[in-house]
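Given next are the chains, with one letter for each unit.
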Amino acid sequence: MIETLAYLACVLGFAGFGGKLLEAGRDQPARTLWFLAGFGICIALGISDGMPAMDALAGHQTWYAEYAPLAGDLAKFGAIGFTVAFTRSMRFGADARLGWHAVLSWAVIAVEIVLFTLAGPDRAGDETVVAADRRPFLVAYELVFVVYGVLSLVLVAVFFARFAARARAGSLRTGLWLIFAGAVAGVAWTLWDLDDVASLIATGGVEATEDLPAVVLGAACVVLAVAGSTLSVWGPSLAAPWRWLRAFRDYRRIEPLWTVLRDAVPGIALDPARGLGRGAEFALYRRVIEICDGHLALRPYFDPDLPAQVVDRARREGVPTRWVAATVDAATLAAALVAREAGHRFQPDDADEPVGRSVAADVSAEAAWLVEVTRAWRRSALVADVRGETRRELGVSV
């Protein structure tokens with residue numbers, strides 16, 4: 001299982017970020033994308049290095065067995081370095097210099113190579129062991145890796161958290177939060193090396209390959225980072241069924257309101273025979289337009305004094321604040337339909353449309369508003385009262 005997870009993370013690292021490079025093409029700065037790709041490649045190599053299959057591929061050579069831990073850790077250093085470089089390029093621009101972190105990264109790598117060489121660990125079966133007098137060098141080696149990795153990845157996580165908090169809702173924000181989660185998983189993965197420090201102090205040896213928690217955390221880091229950075233590739237395809245379901249749900253929810261307006265003003269139906277023939281989103285778009293056209297056709301029948309009266313009554317009757325606006329819209333529409341049935345005009349034909357709630361100029365926001373109005377239309381006792389009172393005032397029989 002450990003090997004399967006390791007190689008899956010490796011494949012995701014190569015495929016995910018390779019796909020990002022192909023998808024982006026020339027639309028994004030090459031330097032920034034190569035930082036991203038470098039992270040994926042390095043972290044994949046860091047996870048897979050030292051696994052039995054890699055050992056077999058190297059022909060079970062002693063030199064590989066002894067230096068595989070160093071090679072794997074250097075790959076992880078590279079992944080962390082590329083992560084910070086990618087973050088700086090996003091913050092300061094694609095041409096920004098890497099600055100102090102590049103110098104620090106190379107210095108830490110040099111120190112780690114020296115410490116590993118001084119420790120001179122040996123491979124003994126599934127463990128890497130070190131002589132007692134050289135044990136402090138390997139402990140220092142592990143601690144330097146943990147401190148450097150945690151500090152770097154915490155900076156990355158904080159940056160993406162701030163960026164995501166300011167981003168607009170949508171795929172960009174989702175992608176940023178996924179990258180943030182990947183950085184947090186990377187911090188946990190790095191901290192897991194403290195288990196090796198404890199093992200070194202207690203027994204003088206550590207497992208030569210990654211254990212299950214380390215592989216799980218590393219794989220989580222890769223999956224989340226790949227998912228966040230490549231959301232633009234797979235996000236639209238994954239979101240399409242949800243958009244269809246949301247559109248279909250809203251299409252059905254506003255049907256009672258549309259039906260009563262169509263019965264009152266048959267001319268608003270653009271093409272009754274088509275229905276969902278061109279998809280739920282298009283059908284919802286048509287239905288929203290038809291309801292708006294029905295509102296416009298009823299302009300002369302809206303009582304301009306009624307909205308304020310309904311607001312006062314809604315507050316007195318304890319209608320929740322979030323439902324007041326929709327209740328006002330539904331009640332004034334109900335009264336307008338009764339007035340039209342009675343042939344009673346409150347305003348001339350060219351009167352302005354009644355003032356209602358300000359809604360964002362897109363179909364999804366308008367549909368969400370009409371869902372609220374339909375809910376009030378069907379369930380609000382106040383709307384039913386206004387309808388009944390208007391019928392009695394205008395002498396319209398039920």
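Rules used in this analysis
Residues numbered from 1 in each chain as written. Predicted model: local features only at pLDDT ≥ 70, side-chain atom pairs only at ≥ 80, totals over all residues. Heavy atoms only, no water. Axes fitted to C-alpha atoms, helices over the stretch in contact; angles between N-to-C directions. Helix = DSSP H or I, 4+ residues; strand = E, 2+ residues; numbered from the N terminus. Parallel < 35°, antiparallel > 145°, perpendicular 65-115°, else oblique. Left-handed = near helix turned anticlockwise from the far one by under 90°. Contact = heavy atoms within 4.5 Å. Nonpolar A, V, L, I, M, F, W, Y, C, P; charged D, E, K, R; others polar. Patch = residues over 30% accessible without salt bridge, like charges linked within 9 Å, V, L, I, M, F, W, Y side chains within 5 Å. Areas by Shrake-Rupley, 256 points an atom, 1.4 Å probe, with all protein chains shown as cover. Salt bridge = Lys/Arg side-chain N within 4 Å of Asp/Glu carboxyl O. Lys, Arg positive; Asp, Glu negative; His and termini not counted. Charge placed at Lys NZ, Arg CZ, Asp CG, Glu CD. UniProt positions renumbered as here; feature names shortened; annotations may be inferred. Buried < 20%, exposed > 50% of the residue type's maximum accessible area, 1.4 Å probe, protein only. Core = buried A, V, L, I, M, F, W, Y, C linked by side-chain atoms within 4.5 Å. Expected span 1.5 Å × (residues − 1). Phe/Tyr/Trp six-rings, centres within 6.5 Å; stacked < 30°, edge-to-face > 60°. Lys NZ or Arg CZ within 6 Å of the ring centre and 35° of its normal. Pairing = 2+ DSSP bridges.

Draft legend 1. Seen up close, the packing of helix α14 (residues 321-342) against helix α15 (residues 363-379). Two elements in contact, α14 and α15, have axes whose closest approach is 8 Å; the angle formed by their N-to-C orientations is 65°. The pairing of α14 with α15 is recorded here as roughly perpendicular in orientation. The crossing of α14 and α15 is right-handed. On α15, the residues touching Arg322, Trp323, Ala325, Ala326, Thr327, Asp329, Ala330, Leu333, Ala334 and Leu337 of α14 are Trp369, Glu372, Val373, Arg375, Ala376 and Trp377. Considered class by class, the residues forming the contact of α14 with α15 number eleven nonpolar, one polar and four charged.

Draft legend 2. Representation of a positive patch on the surface within the structure. Where like charges cluster on the molecular surface, the positive patch consists of Arg253, Arg322, Arg375, Arg378 and Arg379. The leading source of residues in the positive patch is α15, at three residues. Summarising the element assignment, Arg375 is placed in helix α15.

Draft legend 3. Representation of the UniProt feature "transmembrane region" (unreviewed entry) in the chain in the model. Per the UniProt record, "transmembrane region" (unreviewed entry) is annotated on residues 6-22, 29-47, 67-86, 98-119, 139-163, 175-192 and 212-234. Helix makes up 100% of residues 67-86 and strand 0%, whereas the separation of the span's terminal C-alpha atoms amounts to 28 Å. Secondary structure across residues 139-163 comprises 100% helix and 0% strand; the distance between its end C-alpha atoms is 36 Å.

Draft legend 4. Main features of the pattern of salt bridges. Inspection of the entire model under this criterion finds eight salt bridges. With a shortest N-O distance of 3.8 Å, Lys76 and Asp73 are connected by a salt bridge. Note that Lys76 and Asp73 are positioned in helix α4 (residues 62-92) at a spacing of three residues, about one turn of the helix. The buried category is assigned to Asp73, whose relative accessible area is 8%.

Draft legend 5. Spatial organisation of the nonpolar core. By size, the foremost hydrophobic cluster in this structure holds 43 residues, and its most contacted members are Leu257, Leu261, Leu298 and Leu333. Taken together, the elements giving at least two residues each to this core come down to α10 (231-253), α11 (255-264), α12 (280-297), α13 (306-316), α14, α15 and α16 (381-394). When residues in this core are grouped by element, the largest group, twelve residues, is from α14. Dropping the residues within four chain positions of it, Leu261 is found in contact with Ile268, Ile291, Gly294, Leu298, Leu333 and Leu337. In this structure, Val84, Ala85, Ala164 and Ala183 belong to the second largest nonpolar core, which totals 13 residues.

Draft legend 6. Focus on a nonpolar patch on the surface. A contiguous nonpolar surface patch, about 320 Å² in accessible area, is contributed by Trp100, Leu104 and Leu155. Examined against the element boundaries, Leu155 turns out to sit in helix α6 (residues 135-166).

Draft legend 7. Main features of α12. Between the first and last C-alpha of α12 there are 25 Å, a value that for 18 residues agrees with the 26 Å anticipated at 1.5 Å per step. Those residues of α12 not exposed but buried are Ala280, Ala283, Leu284, Arg286, Arg287, Val288, Glu290, Ile291, Gly294 and His295.

Draft legend 8. Inspection of helix α7 (residues 171-191) at higher detail. Given a rise of 1.5 Å per residue, 21 residues ought to cover 30 Å, and the 30 Å separating the end C-alpha atoms of α7 matches this to within 8%. Looking only at α7, the buried set comprises Gly175, Leu176, Ile179, Gly182, Ala183, Ala185, Gly186, Val187, Trp189 and Thr190.

Draft legend 9. The arrangement of the packing of aromatic side chains in detail. Applying the stated rule across the entire model yields eight aromatic pairs. With centroids separated by 5.5 Å and ring planes inclined at 55°, the aromatic side chains of Phe116 and Tyr141 adopt a geometry described as tilted. Separated by 25 residues along the polypeptide, Phe116 in helix α5 (residues 100-119) and Tyr141 in helix α6 bring together distant segments of the chain. The exposure classification of Phe116 matches that of Tyr141, with both residues buried. Their ring planes at 85° and their centres at 5.4 Å tell us that Trp177 and Phe180 sit as a pair that is edge-to-face. A residue pair is termed a helical-turn pair when its members lie 3 or 4 positions apart in one helix, as Trp177 and Phe180 do in helix α7 at three residues. Note on Trp177: relative accessible area 36%, which makes it partly exposed. Among the residues examined, Phe180 registers a relative accessible area of 24% and is labelled partly exposed. Geometry around Trp258 places Arg287 over its ring, the cationic atom sitting 4.1 Å from the centre. In this structure, Arg387 is placed above the aromatic ring of Trp377, and the distance from its NZ or CZ to the ring centre is 4.7 Å.

Draft legend 10. Examining the environment of Val154 more closely. If you trace the backbone, Val154 turns up in helix α6. For Val154, a relative accessible area of 37% translates into the label partly exposed. Counting along the chain gives 26 residues from Val154 to Phe180, while the straight-line C-alpha distance between them is 9.6 Å.

Draft legend 11. Region of interest: the sheet that holds strand β1 (residues 122-124). Read from one edge to the other, the open sheet built from three strands follows the order β1-β2-β3, with strand pairing classed as antiparallel. Two strands close off the open sheet at either side, each with one partner strand: β1 and β3 (205-207). Pairs of neighbouring strands in the sheet enclose a mean axial angle of 35°, with direction left out of account. Note: strand β2 (residues 127-129) against β3, three bridges, orientation antiparallel. When the bridges of β3 are listed, Glu127 appears paired with Glu207.

Draft legend 12. A look at the packing of α6 against helix α8 (residues 194-203). Where α6 meets α8, the axes come as close as 9 Å, and the angle between the chain directions of the two elements is 170°. Considered as vectors, α6 and α8 are oriented roughly antiparallel to each other. Contacts between α6 and α8 involve Arg135, Leu138, Val139, Glu142, Leu143 and Val146 from the first element and Leu194, Asp196, Val197, Leu200, Ile201 and Thr203 from the second. Per-class residue counts for the contact of α6 with α8 are eight nonpolar, one polar and three charged.

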